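Okay, here's what each chain looks like letter by letter:
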Amino acid sequence: EVLQQHGHEAYIVGGAVRDLIAGVEPKDFDVATSATPEQIQPLFRRARIIGKRFRLVHVVFGAEIIETSTFRAPSGGEQSTDEHGRILRDNVFGTALEDAVRRDFTLNALYYDPTTEEVIDYHHGVPDLKRRLVRIIGDPVVRYREDPVRMLRAVRFAAKLNGQIEEKTLAPIASMAPLIENVPASRLFDEMLKLLTCGHAMDCLRQLRAQGL
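Each chain carries its own residue numbering, running from 1 in the direction its sequence is written. Per-residue local features are limited, in this predicted model, to residues with pLDDT of at least 70; the limit for side-chain atom pairs, both in listing and counting, is 80 or more; totals at the level of whole chains, interfaces and linings are taken over all residues. Each side-chain value is derived from all of the structure's non-hydrogen atoms; neither hydrogens nor water enter the calculation.

1. Some points on the packing of helix α10 (residues 185-197) against helix α11 (residues 201-210)
Angle between the axes and distance between the axes: these two values describe a pair of packed helices. Here the axes come from fitting lines to C-alpha atoms, over the contacting stretch only for helices, and the angles between their N-to-C directions go from 0 to 180 degrees. Numbered from the N terminus, helices here are DSSP runs of H or I no shorter than four residues, and strands are runs of E no shorter than two. Viewed as axis vectors pointing N to C, α10 and α11 meet at an angle of 125°, and their least axial separation amounts to 6 Å. By the angle class used here, α10 and α11 are oblique. For the pair formed by α10 and α11, the contact residues are Met-192, Leu-195 and Leu-196 on the first element and Ala-201, Cys-204, Leu-205 and Leu-208 on the second. Throughout this description, any angle smaller than 35 degrees is read as roughly parallel, any larger than 145 degrees as roughly antiparallel, any in the 65 to 115 degree range as roughly perpendicular, and the remainder as oblique. Contacts: residue pairs with any heavy atoms within 4.5 Å of one another.

Structure below.
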């Protein structure tokens, strides 16, 4: 509401919207906005800009941290990547529509406007969510090269929803699994914590083994 009052687009986004639609209580709330980190920070008493790969703002309300990111544009050659295609830095800002294109899965590209109580769905994420189908946005091979952790996330979301990974989204994972070795240990550690604490740890582990992850 504060961001909207200052003339910026601002939505609750991603996992919180997905969980609310699926009937699961969200663990936290992330916000996506048209405001840049430098515009966001002064609007809140306790806020700090973090990150190099993705610059965003942590806004603190009591014990809660609301991760607030600026809409980002898809790859246009401006991003910094390694020799395997993994994105090292991605701070090219864009519109809400462009931001939705660069999100990983359709069920995570959902935006909720708390003022109008409207869900904005650019990639048919709501129907996929109702079918419990994990579908990547764009070319799976390109998207997994950009961030191999997406392969682990696909497994986690499918297990958490008691659903399945869409056929084209699943197909490249087994052959691309070795790309996980290029991911920093800290990111893998964070993702493994999520896998093991999502309530479906055994299903996740079985799928990781089945896919060579």
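2. A few points about the side chain of Glu-146
Within the element layout of this structure, Glu-146 appears in helix α6 (residues 140-146). Judged by relative accessible area, Glu-146 falls into the buried class, the value being 13%. Polar contacts involving the side chain of Glu-146 include one to the side chain of Arg-143, which spans 2.9 Å. Only protein chains enter the accessibility calculation, which uses a 1.4 Å probe; a residue whose area is less than 20% of its type maximum is buried, one above 50% is exposed, and one in between is partly exposed. Residues adjacent in sequence count toward polar contacts only when both atoms are side-chain atoms; beyond that, a polar contact is any pair of N or O atoms within 3.5 Å, and within protein one must be able to donate a hydrogen and the other to accept it.

3. Description of the pairing of strand β2 (residues 30-33)
Should DSSP find at least two bridges between two strands, the strands are regarded as paired. One ladder, built from 4 bridges, connects strand β1 (residues 10-13) with β2; its direction is antiparallel. Note on β2: the bridge partner recorded for Val-13 is Asp-30. Of the pairings in the sheet, the one linking β2 to strand β5 (residues 64-70) comprises 4 bridges and is parallel in character. Bridge pairing links Asp-30 to Glu-67 in β5.

4. Overview of the packing of aromatic side chains
Aromatic contacts are taken between Phe, Tyr and Trp rings whose centres are within 6.5 Å, Trp giving its six-membered ring; a plane angle under 30 degrees counts as stacked, one over 60 as edge-to-face, and the others as tilted. Under the defined criterion, the tally for this structure stands at 5 aromatic pairs. Residues Tyr-11 and Phe-71 carry aromatic rings whose centres are separated by 6.3 Å and whose planes lie at 25° to one another, so their mutual orientation is stacked. Here the residue Tyr-11 occupies a position in strand β1, and Phe-71 occupies one in the loop between β5 and β6 (80-81), the gap between them amounting to 60 residues. On the basis of relative accessible area, Tyr-11 is assigned to the buried category, the value being 10%. Look at Phe-105 and Phe-157: their rings are 5.8 Å apart centre to centre, the planes differ by 85°, and that puts the pair in the edge-to-face class. Here Phe-157 lies in helix α7 (residues 149-160) and Phe-105 lies in the loop between α4 (96-102) and β8 (110-113), a separation of 52 residues in the sequence.

5. Structural notes on α7
Across its 12 residues, α7 extends 16 Å between first and last C-alpha, which sits within 8% of the 16 Å expected from 1.5 Å per residue. Counting buried positions along α7 yields 11 of 12 residues, so the element is predominantly enclosed. Of all the positions in α7, only Val-149, Arg-150, Met-151, Leu-152, Arg-153, Ala-154, Val-155, Arg-156, Phe-157, Ala-158 and Ala-159 are classed as buried. Remark: Asn-162 follows α7 within two positions and exhibits a positive phi of approximately 55°. Each residue after the first adds 1.5 Å to the expected span of a helix.

6. Focus: the environment of Tyr-11
Between the C-alpha atom of Tyr-11 and that of Thr-33, which follows or precedes it by 22 residues, the distance is 6.4 Å. Residues contacting Tyr-11, with those up to four places away along its chain left out, are Asp-30, Val-31, Ala-32, Phe-71, Ala-96, Tyr-111, Tyr-112, Asp-113 and Ile-120.

7. Points about unusual backbone geometry
One non-glycine residue with positive phi stands out, namely Glu-117, at about 55°. Position of Glu-117 relative to the elements: it lies in the loop between β8 and β9 (118-121). By relative accessible area, which is 62% here, Glu-117 ends up exposed. In this structure, Arg-132 is a non-glycine residue whose phi angle is positive, near 60°. Here Arg-132 lies in the loop between α5 (125-130) and β10 (133-134). Here Arg-132 falls in the partly exposed class, since its relative accessible area comes to 41%.

8. Thoughts on the environment of Gly-199
Inspection of the secondary structure puts Gly-199 in the loop between α10 and α11. Note on Gly-199: relative accessible area 66%, which makes it exposed. Sequence spacing of Gly-199 and Ala-159 is 40 residues, and the spatial spacing of their C-alpha atoms is 8.9 Å.

9. Here's the deal with the sheet that holds β1
Strand order in the open sheet made by the 7 strands is β3-β4-β5-β2-β1-β8-β9, with mixed pairing throughout. Looking at strand neighbours, the two that pair on one side only are β3 (47-50) and β9, the edges of this open sheet. When strand polarity is set aside, the average angle formed by the axes of neighbouring strands in this sheet is 35°. Looking at chain direction, β1 and β8 are connected through 2 bridges and run antiparallel. What sits directly across from Val-13, in β8, is Tyr-111.

Function-wise, these values are silent; they only describe arrangement.
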